[in-house]
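# Structure assessment
This is what each chain is made of:
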Amino acid sequence: MNMADRFRRLHDEFLLLPNAWDAASAAALVREGFPAVGTTSLGVAAAAGVRDGASAARAQTVELAGRLTGLPVPVTVDVEGGFSDDAGAVRELGAELASLGVAGVNIEDGLAGGALRPAARQASLVAALASSGLFVNARTDTYWLAAERDGTADRLRAYVDAGADGVFVPGLVAERDIAAMVAAVPVPVNVLFLPGRTNVRALAGLGVRRMSTGSFLFRAALGAAMDMARAIQRNSLPLSYDIPTYQQVQALVP
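Reading the values: rules and limits
- Residues numbered from 1 in each chain as written.
- Predicted model: local features only at pLDDT ≥ 70, side-chain atom pairs only at ≥ 80, totals over all residues.
- Heavy atoms only, no water.
- Phe/Tyr/Trp six-rings, centres within 6.5 Å; stacked < 30°, edge-to-face > 60°.
- Helix = DSSP H or I, 4+ residues; strand = E, 2+ residues; numbered from the N terminus.
- Buried < 20%, exposed > 50% of the residue type's maximum accessible area, 1.4 Å probe, protein only.
- Core = buried A, V, L, I, M, F, W, Y, C linked by side-chain atoms within 4.5 Å.
- Contact = heavy atoms within 4.5 Å.
- Pairing = 2+ DSSP bridges.
- Right-handed = clockwise from strand over helix to strand, strands pointing away.

Scanning the entire structure with this criterion turns up three aromatic pairs. Residues W21 and F218 carry aromatic rings whose centres are separated by 5.6 Å and whose planes lie at 65 degrees to one another, so their mutual orientation is edge-to-face. In this pair, W21 is assigned in the loop between β2 (19–20) and α2 (23–31) and F218 in helix α10 (residues 216–233), connecting sequence segments 197 residues apart. Between F193 and F216, the ring centres sit 5.4 Å apart and the planes meet at 75 degrees, which makes this aromatic pair edge-to-face. Of this pair, F193 sits in the loop between β8 (189–192) and α9 (200–203) while F216 is found in helix α10, placing the two residues 23 residues apart along the sequence. Classification of F216 by relative accessible area gives partly exposed; the value is 25%.

Put into structure tokens, the structure is as follows:
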């Protein structure tokens, strides 16, 4: 069974998918026992010093994907909006990632500036990625844009018709909305973990097959580093804090 099919099988039940931003964070998550790892476009882009959602981190995204496919679990890659509006270029991206051993991709329809790519155009990009055999998770940003929410199910069905294996609606939180979305599409539904808002224990019972952490782990790690730096500056570093040792971090590298 190849990694893409192995990844598909993980969606037969509820999958908690943590998102990494570099090789060390991905390896640490695998060592923690997670059966698959995704990447976060914000983390990859910010670490490279470029903006997320601006199609500026294609090279860094592919380079990291090549490193992560050495891990013993399926890896799915956040490719923003495909890094292009051209289906041919997106098809080439999918083929390149598949050749590296990537199991899946996440592609979004949100554009810089807060607009949505037209559904038909986005469906063509979904189809381009699906042609490589990758597990395609088609994300719609309608729930970030209140005026677009009524069209969510129609967009998702268009993406499924184009070959999407799963759909992703970040911002979907209310249980009645989640249940309605699960009923509206015939593929696994992915939601985004939102601290203080997402009832993780209820998701499987609502029919959700996947929850992603998105950029949360990256932002939490960045915040923790800042907290530590400020504590050192105040000479008030906590005596007890769960920080990996030098040797433990070295051990993450093959």
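Moving on from the model shown.
A positive phi angle, close to 55 degrees, is found at S55, a residue other than glycine. Using a relative accessible area of 40% as the deciding quantity, one classes S55 as partly exposed.

Our focus in this paragraph is the nonpolar core. One finds V79, L97 and V126 to be the most contacted residues of the largest nonpolar core, which totals 53 residues. When residues of this core are assigned to their parent elements, the largest contribution, five residues, is made by helix α6 (residues 119–130). If we skip the residues at most four places from it in the chain, V126 touches I107, V136, A138, Y159, A162, G163 and A164.

Neither face of β8 is left uncovered, since the one carrying V189 and V191 and the one carrying N190 and L192 both have all their residues buried. Pairing analysis gives two bridges linking strand β7 (residues 166–168) to β8, with the strands arranged parallel. Directly across from V167, in β8, lies its bridge partner V189. Once the chain exits β7 it traverses helix α8 (residues 175–184) before rejoining the sheet at β8, and the crossover so formed is right-handed. Both β8 and strand β9 (residues 210–212) contribute to a ladder of three bridges, which runs parallel. Along β9, the bridge assignment pairs N190 with R210.

The quantities given are spatial measurements derived from coordinates; they are silent on function.
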